[in-house]
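Summary of structural features
Letter by letter, the chains look like this.
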Amino acid sequence: MMLTCPLCASTDTGHFHRDSRRDYHRCRRCALVFVPPGQRPGPAAERAVYDQHENSPHDPGYRRFLSRLFDPVNERLAPGARGLDFGSGPGPTLSVMFEEAGHPMAIYDPFYAPEASVLEQTYDFITASEVAEHLFAPGEELARLAGLLPAGGWLGVMTKRVTDQAAFARWHYILDPTHVVFFSEATFVWLASHLEMRVEFPAADVALLQRR
């Protein structure tokens, strides 16, 4: 059965993998791998998983983890650049790190910081750490974020990337029921072209997209 890709809306999709819990389809246009809509968790189940996260700005290990995104974004910013951390989670930390570096920050999270007015402003940069894989409508959401950036603005995305079908089958990343879309490098290349942005890959799980 062909499903519509939630990133590029193509119906040129095919079955990619199945495990004991759900199916995974892959788009032939943008290479996104995605879980069918009927197999995604509901809001209560999704929130229950997130409530188990114990991330904190006081945790040095978590800061080191986030530094894979923070460092390459921060080194590309002008002093005082204004940012948004999208999907900040129950323990906002990346925003604290940027504020410590002199960048005023806004945060948004549909469960923990759902102030929609922050999505009506513009920013010099936007970060999304371990967020993209949770998006039910990544095409719509990422296009909206790109639209909040001026020319030269940065969108920094941290999410683990699909490499090949064999590795996907044994990948721990697919075991989280809230992970419903999976990007590859080819997916980000397609996305950058579609959004008229350029893309860099400073780390194995980081993509930086810049508005032209």
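Report follows, based on the coordinates.

Rules used throughout
- Sequence positions are assigned chain by chain, starting from 1 and proceeding in written order.
- Since the coordinates come from a predicted model, pLDDT governs what is reported: local features require at least 70, and pairs of side-chain atoms require 80 or more to be given and counted, while whole-chain, interface and lining totals use all residues.
- With hydrogens and water excluded, all non-hydrogen atoms of the structure serve as input to the side-chain values.
- Pairs of strands are assigned from DSSP output, requiring at least two bridges between the strands.
- Helix and strand definitions here come from DSSP, where helices need a minimum of 4 consecutive H or I residues and strands a minimum of 2 consecutive E residues; each element is numbered from the N-terminal end.
- For every element, the axis is a line fit to its C-alpha atoms; helices are fit only across the contacting stretch, and the angle between N-to-C directions ranges from 0 to 180 degrees.
- Every residue pair with non-hydrogen atoms within 4.5 Å of one another is taken to be in contact.
- A simple rule labels every residue: compare its accessible area, found with a 1.4 Å probe on the protein chains alone, to the largest value its type can have, and call it buried under 20%, exposed over 50%, or partly exposed in between.
- Only buried residues count toward a nonpolar core. Its members are Ala, Val, Leu, Ile, Met, Phe, Trp, Tyr and Cys residues joined through side-chain atoms within 4.5 Å.

Things to note about the sheet that holds strand β7 (residues 154-158)
An order of β5-β4-β6-β7-β10-β9 is seen for the six strands of this open sheet, with the pairing classed as mixed. With partners counted over all chains shown, the strands left at the sheet margins are β5 (105-108) and β9 (197-203), one partner each. Sheet twist, expressed as the average angle between the axes of neighbouring strands with direction ignored, equals 20 degrees. Bridge count between strand β4 (residues 83-86) and strand β6 (residues 125-129): three bridges; the pairing is parallel. Across the sheet, the residue bridging to Asp85 is Thr127, located in β6. In the packing of helix α4 (residues 138-146) onto the sheet, the strands contacted are β4, β6, β7, β9 and β10 (206-211), and the crossing angle to β4 comes to about 170 degrees. Together, β7, β9 and β10 form the strand contacts of helix α6 (residues 185-194), whose direction differs from that of β9 by roughly 150 degrees.

Describing α6
Those residues of α6 that sit buried are Thr187, Phe188, Trp190, Leu191 and Ala192. Those residues of α6 that are buried lie in contact with α4, β7, β9 and β10. At the exit of α6 stands Glu196, carrying a positive phi of roughly 55 degrees.

Notes on the nonpolar core
In this structure, Leu7, Leu84, Ile126, Phe168, Phe182 and Leu209 are the most contacted members of the largest nonpolar core, which totals 48 residues. Looking at which element gives the most residues to this core, the answer is α6, with four residues. With sequence-adjacent residues up to four places away left out, Phe182 is seen in contact with Arg22, Tyr24, Ala31, Leu32, Val33, Val35, Val162, Phe168, Trp171, Tyr173 and Ile174. By size, the runner-up hydrophobic cluster in this structure holds 16 residues, among which are Phe70, Val73, Leu77 and Met158.

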